[in-house]
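Reading the structure
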Amino acid sequence: MLKFFKNLAFVEGISAILLFFFAMPMKYIFDNPIYVKHIGMAHGILFIGYILVATILKFTHNWELKKYSIICLASIPPFGTFYIERKYLKNV
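So, here's what we can say about the structure.

**Some words on the nonpolar core**
- In terms of nonpolar packing, the biggest core is built from 15 residues, with Phe5, Tyr50, Ala54, Trp63, Ile71 and Ile84 touching the most fellow members.
- Where this core is concerned, the elements lending two or more residues are α1 (2–28), α2 (34–60) and α3 (65–73).
- For this core, the element with the most residues is α2, which contributes five residues.
- Each residue touching Trp63, except ones within four places of it in the same chain, is listed here: Leu2, Phe5, Ala54, Leu57, Lys58, Tyr68 and Ile71.

**Quick notes on the pattern of salt bridges**
- Under the defined criterion, the tally for this structure stands at one salt bridge.
- Residues Lys6 and Glu85 are paired through a salt bridge, measuring 3.3 Å at the closest nitrogen-oxygen approach. One end of the pair, Lys6, is in helix α1; the other, Glu85, is in helix α4 (residues 80–87), with 79 residues separating them in the sequence.
- Classification of Lys6 by relative accessible area gives buried; the value is 16%.
- Judged by its relative accessible area of 23%, Glu85 is partly exposed.

**Focus on unusual backbone geometry**
- Of note, Asn62 is a non-glycine position whose phi angle comes to about 50 degrees, a positive value.
- Position of Asn62 among the secondary structure elements: in the loop between α2 and α3.
- Even without being a glycine, Phe79 presents a positive backbone phi close to 75 degrees.
- Overall, Phe79 belongs to the partly exposed group, its relative accessible area being 47%.

**Some points on the packing of aromatic side chains**
- Counted by the stated rule, this structure contains six aromatic pairs.
- Judged by centre distance (6.2 Å) and plane angle (35 degrees), the ring pair of Phe21 and Phe79 falls under tilted. Of this pair, Phe21 sits in helix α1 while Phe79 sits in the loop between α3 and α4, and the two are 58 residues apart along the sequence.
- Through a chain of ring-to-ring contacts, the aromatic side chains of Phe10, Phe21, Phe79 and Phe82 assemble into a single cluster.
- When the ring centre of Phe59 is taken as origin, the NZ or CZ atom of Lys58, which lies over that ring, is 5.0 Å away.

Cut-offs applied
- Residues numbered from 1 in each chain as written.
- Predicted model: local features only at pLDDT ≥ 70, side-chain atom pairs only at ≥ 80, totals over all residues.
- Heavy atoms only, no water.
- Core = buried A, V, L, I, M, F, W, Y, C linked by side-chain atoms within 4.5 Å.
- Buried < 20%, exposed > 50% of the residue type's maximum accessible area, 1.4 Å probe, protein only.
- Helix = DSSP H or I, 4+ residues; strand = E, 2+ residues; numbered from the N terminus.
- Contact = heavy atoms within 4.5 Å.
- Salt bridge = Lys/Arg side-chain N within 4 Å of Asp/Glu carboxyl O.
- Phe/Tyr/Trp six-rings, centres within 6.5 Å; stacked < 30°, edge-to-face > 60°.
- Lys NZ or Arg CZ within 6 Å of the ring centre and 35° of its normal.

Purely spatial values, then, with no claim about function.
This is the structure:
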């Protein structure tokens, strides 16, 4: 399950980067909102999955509240999940 979470964190991070640095500029600079619709939906689903799997792992691996909170909060800014992968999931 940790390996799956590591892969999910990577894909969620990529979707956030695509959303913030490609889809949103396409919408607001070039007036083309179609990318936000599709990439935003994929990112939303991945974000929910990330939080759900993190919650499952918190209880199955007895993560401390601090570690769990950091892992969940890191999913909000771009590149945050890459930090989590390197700091907490490196040896998985």
